[in-house]
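# Chain and residue survey
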Amino acid sequence: MSERPVNHARAAEHFLEDKPHLQFHDERLWDMRQKRDAQMHILPEWQELREEASRIKEHTLSRLPEYLEQFEENAKKNGIHVHWARDGAEHNRIVGEILKAHGAHNLIKSKSMVTEECDMRPYLEKQGVRVTETDLGERIQQLDDQLPSHIVVPAVHKLTSDVAKIFAKDYNTDPNIRDPHLLAEAQRQAARPVILGADSGMTGGNFVVAETGTFVVCTNEGNADLSATVPNLHIATIGIERLVPRMADLGVFVRLLSRSALGSPITQYTTHFRGPQKGGEMHVVLVDNGRSARLGMEDFWTSLKCIRCGACMNTCPVYRRSGGLSYGAVYSGPIGAIIDPTFNERKYSTLPYASTLNGSCTNVCPVKINIHEQLYKWRRVLVQHHEMPFVKREIMHMAGKLMGQPKLYRAAIKATEVSLSTMPRFVLYNWLNPWGRHRENPHPVKQTFNDWYRKNRKPGKEGTPEAKK
Amino acid sequence: MKIGLFVPCYIDAFYPEAGIATLELLEKLGQDVEYPLDQTCCGQPMGNSGCNSDAAAAEALFVRNFAKYDKIVMPSGSCTHHVRDNFDAIEQTDEVRHVRENTFELVEFLHDILKVDAFPWAEFNHTVGLHNSCGTLRALRTASMSELGEKPFSKPMDLLGKVRGIRFVTPRRPDECCGFGGTFSVTEEAVSSQMGLDKVRDHHEAGAEYIVSADSSCMMHQQGCAERAGVPIRFIHIAQILNGAAQ
Amino acid sequence: MSARDEILQALRANRPTPENHPLPPVATLGDMDASRERFIASLKILGGDVLEPATPGETLDEAIARRHPDAKIICSNVPEARGTLPVEKIRTPQDAAMIDVTVVRAPFGIAEMGSIFLSEAQLPINSFAHLGQHIVVLLSASELTANMHTAYQQRPEFRSANYGVLMSGPSATADIQGVLIRGAQGVRSLSVWFT
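All values reported here derive from a predicted model rather than from experimental measurement. Throughout this document, residue positions are counted from 1 along each chain, in the order its sequence is written. For naming, the first written chain is A and the first written ligand is 1, with later ones following in the order written. Side-chain atom pairs in this predicted model are given and counted only at pLDDT of 80 or more, local residue features only at pLDDT of at least 70, and totals for whole chains, interfaces and linings cover all residues.

Further remarks concern the overall build of chain A. Secondary structure follows DSSP: runs of H or I at least 4 residues long count as helices, runs of E at least 2 residues long count as strands, and numbering of each begins at the N terminus. Secondary structure assignment for chain A yields 23 helices and 10 strands. Its C-alpha atoms put chain A at 95 × 55 × 50 Å along the principal axes. Residues classed as buried in chain A amount to 58% of the 469 residues present. The contact rule is simple: place each C-beta atom from the backbone, and if two of them lie within 7 Å, those residues are in contact. Considering only contacts within chain A whose residues lie at least 6 apart along the sequence, 73% involve residues at least 24 apart. Neighbour density around each residue's C-beta defines its exposure: 20 or more other C-beta atoms within 10 Å make it buried, 12 or fewer make it exposed, and counts between make it partly exposed, where C-beta atoms are placed from the backbone.

As structure tokens, then:
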């Protein structure tokens, strides 16, 4: 845990300098939020659905061992090989061994946040496996060697011109293409032979049904279906928290997922895998990677309800103006800021502060995770664990002391009134005076309210509450 | 009913007129109001930073100052939110519970407790855009929230609607956060300033001459952003309009 | 200890009290309209379309040729359409990738979403549904279910199919600068022919 904390503020500042990218990013995600609102307004039962989803997930998490065992039993009955991985390294080893056993070297895969968590691609590539992402956004990110900047739209921070440049390098297309249709077509043409030549496929899993041994994958491009049905070997990497008890529960979650994510009623493809296809082999790798420990965190276990829709990112005014990459983590935005510290407290100690605590994330969350309250609680935990920078900690300490001593506090105000042209330290704990970099300071006043009151409502003076008695 | 008035530190130091308007308004409404002179801060900056133990002294002083009142009123949503929802750096005695349960933000106090139905002295011949701070909106719930699709309501609008001559405009993103966020405004100053600038532009483009809010902290930040970027818009606390500001 | 046992043990030690989180009864919420009109409206929102006889008596083969005039290889897995390539020829994904128009029958559709269901029972090979350029789906209006709740509760196919896909319109992406593009990696268009 000796890694340096992510400097979100600096990365965000960098992001803000590029106005065309900033404006597109903000407007695009805000549009997704607006479309989500429109879907909510169509469904009078929206809040009921959220409540239902939340209760199903909380129930499932409280009985997770039983449901996992039930899933395993049913999946095995259906011919699925079930594996368990304590962490990313174990996951990668398992996948690597399965591929080796099949002599597989050409892997196509759909988007999976868990494989990002496990940093699987470099591991497999070292082993001589060529890994190709089949989701367009994810493929763009792979070619650009970047993490996905958003859970659902991985390349949302890029403009058409950026994609044109990336594709020109790898697909030999014209770097000056400005029509996204042409670029999407280039991807389709480039991907087809790779897909048809693949000897193995991977997907993630959005939902896992305990009672039937089914797992569900949702995509818009149909690339998970291609990844799972073209090669005869299908490996699915799934976080252990993805369970629901009953097939019927999927109704609640499928109705919420894409509406919350993109504002479309459903993903174009919602695919249910219950067993291998004819002549094929199917593996499910159930990944813990910190989840079982998180389940024991009283204030934070409900973050495991997350269905990875990204609605909290779309609505987050900070995320929209800083970009997913500024979080320096697999998971960005509000949900990232509450789960990343469970992976590495020091490295991600800054992320719970990348929020104004405005609460919009909590309101859009389809499974009712109290995200902004968890951000608040994380700050307390991080301070208790000494993960706040010393200077800031000291300033808070001094401010706290000062606020308990009215006479000293008044004296401090007086001192700053002498030079009111600069921001008084006691108000904003303004150690490097960053307030004024993009903003004017508040205007000096002739007297504080306290002074005014002493002059105009002095206890005992006529017309004051004291005098009225 | 004896009311204790709390004037947050930034209003005390930079926007005394908002504090004065709050006091005068409550007096006009016939209330018995006192301002304890030894007040400082509610503890929110320390609490929000995670340094909760450092909020203890401020919270203890707050209770010493205000325990004797029936109701505690403050022209600030975020301070009210802190006292009501997060004020736990000190032992939760009966006194502390009394203070937390009887603390009100000005708008909710006027709307829910006093149920004021007229401000005959108030006239404001300007076009305004209302800014609800996230504390008043999503914590105190003084208005409906766009994310929830609930039946529209707004306590501040109910009150402002009783002011003669006032006209309203609605920005494109009425309840997006303005980016103040307490210490966020300095630790993440770049994002904070961008959010503030976007907010004031949104109001300006909607045709607002004034941004009116129940929270001076948001406006202190927004004003700084507007002045730096040259966005011609003015700011006024809701207490000043309801008290009959003649601007 | 195996990874499995270690994970399960940790979960047992760390989980919240199960008694505090009872399983809610199965939810059946929302609009119960299972009409063809609702299905069509939903299908169009997701970029799909209906295919109807342009003139009384127009056959399915004729309608497909009209909608896809440039299609050379039409492969039908339903008796209602002849196509140009017998479905028996489709043995591998490489075979399926040559197809311009794939014709299949869906056992049911979902009115709320305009979704049609396909499983291995309707496909010679599973990738048949995705590798062709376009797909025409036969659907009986009497096999519509109202919404996702009724679908999962009532349709036995979810419990019997090893591979079951709900397709709601064609393949799509908006990953490049937010521009919606129909026909990303899978089919470029999806048409529903009611029978």
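The structure having been displayed, the exposition proceeds.
What chain C contains, in helices and strands, is seven helices and 12 strands. The reference for a compact globule is 2.2 Å times residues^0.38; the radius of gyration itself is calculated from the C-alpha atoms. Here the C-alpha atoms of chain C give a radius of gyration of 20 Å, more than 25% beyond the 16 Å that 2.2 N^0.38 yields for 195 residues. In terms of overall dimensions, chain C has a C-alpha envelope of 65 × 40 × 40 Å along the principal axes. Relative to its full complement of 195 residues, chain C shows a buried share of 49%. A fraction of 71% describes how many contacts in chain C between residues 6 or more apart in sequence connect residues 24 or more apart.

Residue and element names in this part refer to chain A. Of all seven residues in strand β7 (residues 233–239), seven are buried; the element is thus mostly enclosed. The alternating pattern of β7 places Leu 233, Ile 235, Thr 237 and Gly 239 and His 234, Ala 236 and Ile 238 on opposite faces, both of which are buried. At least two DSSP bridges between two strands are required for those strands to pair. Sheet topology note: the β7/strand β10 (residues 281–287) ladder contains seven bridges and is parallel. Bridged to Ala 236 within β10 is Val 284.

This paragraph deals with the interface of chain C and chain A. Taken residue by residue, the interface counts 62 residues in chain C and 78 residues in chain A. Taken together, the elements giving at least two residues each to the side of chain C that touches chain A come down to α1 (3–14), α2 (36–45), α4 (93–96), α6 (148–154), α7 (157–160), β9 (163–167) and β10 (172–173) of chain C. Ranked by residue count, the leading element in the side of chain C that touches chain A is α1 of chain C, at nine residues. Classification used: nonpolar for Ala, Val, Leu, Ile, Met, Phe, Trp, Tyr, Cys and Pro, charged for Asp, Glu, Lys and Arg, polar for all others including Gly. A per-class count over the side of chain C that touches chain A returns 33 nonpolar, 22 polar and seven charged.

Our focus in this paragraph is the sheet that holds strand β2 (residues 106–109) of chain A. Residues and elements named next belong to chain A. Read from one edge to the other, the open sheet built from six strands follows the order β1-β10-β7-β4-β2-β3, with strand pairing classed as parallel. Bordering the open sheet on either side are β1 (80–85) and β3 (130–133), each of which pairs with just one other strand. Mean inter-strand twist for the sheet, computed between neighbouring axes without regard to direction, equals 20 degrees. Whenever a helix is involved, its axis is fitted only over the stretch in contact; in every case the axis is a line through C-alpha atoms, and angles between N-to-C directions fall within 0 to 180 degrees. Helix-sheet contacts for helix α4 (residues 64–77) involve β1 and β10, and the interaxial angle to β1 is about 145 degrees. The sheet contacts of helix α5 (residues 88–101) involve β1, β2, β4 (200–203), β7 and β10, and relative to β10 the element is tilted by about 170 degrees.

Turning our attention to the interface of chain A and chain B. Each partner contributes residues to the interface: chain A has 61 residues there, and chain B has 65 residues. No other element matches the seven residues that helix α19 (residues 390–403) of chain A contributes to the side of chain A that touches chain B. Across the side of chain A that touches chain B, the residue classes tally to 32 nonpolar, 17 polar and 12 charged.

Attention now moves to the pairing of strand β8 (residues 234–237) of chain B. All names here are of chain B. Taken together, the four bridges between strand β7 (residues 210–213) and β8 define a ladder with parallel strand orientation. The partner of Val 212 across the bridge, within β8, is Ile 236. When the strands point away from the viewer and the connection leading from the first strand across the helix to the second strand turns clockwise, the crossover is called right-handed. Regarding topology, helix α12 (residues 216–229) serves as the crossover connection from β7 to the parallel β8, and that connection is right-handed.

Residues and elements named next belong to chain B. At a closest axis distance of 8 Å, the pairing of helix α11 (residues 189–206) and α12 adopts a crossing angle of 80 degrees. With respect to each other, α11 and α12 are oriented roughly perpendicular. Listed contacts from α12 to Ser 193, Gly 196, Leu 197, Lys 199 and Val 200 of α11 are His 221, Gln 222, Cys 225, Ala 226 and Ala 229. An angle below 35 degrees is read as roughly parallel, one above 145 as roughly antiparallel, one from 65 to 115 as roughly perpendicular, and any other as oblique.

Summary of the metric used: pLDDT quantifies the predictor's per-residue confidence within the range 0 to 100. Summing up the model confidence of chain C, the mean pLDDT is 97 and the portion of residues at 70 or higher is 100%. Two numbers describe this predicted complex: its pTM, 0.96, and its ipTM, 0.98.

Residue and element names in this part refer to chain B. Tracing the backbone through its elements, the reader meets Glu 101 in helix α6 (residues 94–101). A residue is classified by how many C-beta atoms lie within 10 Å of it, and Glu 101, with 11 of them, is exposed. Separated by 126 residues in the primary sequence, Glu 101 and Glu 227 place their C-alpha atoms 39 Å from one another.

Moving on, we come to α5 of chain A. Residues and elements named next belong to chain A. Expected span, for any helix, means 1.5 Å times one less than how many residues it has. Taking 1.5 Å as the rise per residue, α5 with 14 residues should run 20 Å; its terminal C-alpha atoms sit 20 Å apart, in good agreement. Regarding α5, the residues found buried are Gly 88, His 91, Asn 92, Ile 94, Val 95 and Leu 99. All buried residues of α5 fall inside an arc of 160 degrees around its axis, so they share one side. Residues of α5 that are exposed and angled more than 90 degrees away from the buried face: Glu 97 and Ala 101. Arc definition: it is the arc formed by the directions from the helix axis to the C-beta atoms.

A few words on the sheet that holds strand β12 (residues 189–194) of chain C. Residues and elements named next belong to chain C. Spatially, the six strands line up as an open sheet ordered β1-β12-β7-β4-β2-β3, and their pairing is parallel. Taken across any chain shown, the strands that pair with only one partner, and hence form the sheet edges, are β1 (49–50) and β3 (85–86). Pairing of strand β2 (residues 74–76) with strand β4 (residues 101–105) involves three bridges; the strand directions are parallel. By the bridge assignment for β4, Ser 76 is matched with Val 103.

Right, let's talk about the nonpolar core for a bit. It is characteristic of soluble globular proteins that their nonpolar side chains tend to be buried jointly. To count as a nonpolar core, a set of buried Ala, Val, Leu, Ile, Met, Phe, Trp, Tyr and Cys residues must be joined through C-beta atoms within 7 Å. Ranked by size, the top nonpolar core spans 266 residues in total, and within it Phe 253 of chain A, Ile 241 of chain B together with Val 137 of chain C carry the most contacts. Ranked by residue count, the leading element in this core is helix α12 (residues 249–261) of chain A, at seven residues.

Here α4 of chain A crosses α1 of chain C at 150 degrees, and the two axes come no closer than 8 Å. What the angle tells us is that α4 of chain A and α1 of chain C run roughly antiparallel. Of the residues in α1 of chain C, those touching α4 of chain A at Leu 64, Pro 65 and Leu 68 of chain A are Leu 8, Leu 11 and Arg 12 of chain C. Classifying every residue of the contact of α4 of chain A with α1 of chain C by side-chain character gives five nonpolar, no polar and one charged.

A few words now on the confidence of the model for chain A. Predicted coordinates in regions of low pLDDT should not be interpreted in detail. Residue and element names in this part refer to chain A. Per-residue pLDDT for chain A averages 93, and the proportion of residues at 70 or more is 93%. Counted against residues more than four places away or in other chains, residues 418–432, with its pLDDT under 50, gives 29 contacts. Contacts for the low-pLDDT stretch residues 461–469, under 50 throughout, to residues beyond four places or in other chains number 11 contacts.

Turning to α2 of chain C, a few remarks are in order. One turn of the α-helix equals 3.6 residues, which is why residues spaced by three or four share an orientation. All names here are of chain C. The set of residues buried in α2 consists of Phe 39, Ser 42 and Leu 43. The buried residues of α2 occupy one face: seen down the axis, they fall within an arc of 100 degrees. For α2, the exposed residues lying more than 90 degrees away from the buried face are Glu 37 and Ala 41. Buried residues in α2 make contact with β5 (109–110), β8 (144–145) and β12.

The phi torsion at Asn 289 of chain A lies on the positive side, around 45 degrees, for a residue other than glycine. With respect to the secondary-structure elements, Asn 289 of chain A resides in the loop between β10 and α13 (291–295). Look at Gln 177 of chain C: it is not a glycine, yet its phi comes out positive at around 45 degrees. With respect to the secondary-structure elements, Gln 177 of chain C resides in the loop between β10 and β11 (181–182). A count of 18 C-beta atoms within 10 Å places Gln 177 of chain C in the partly exposed class.

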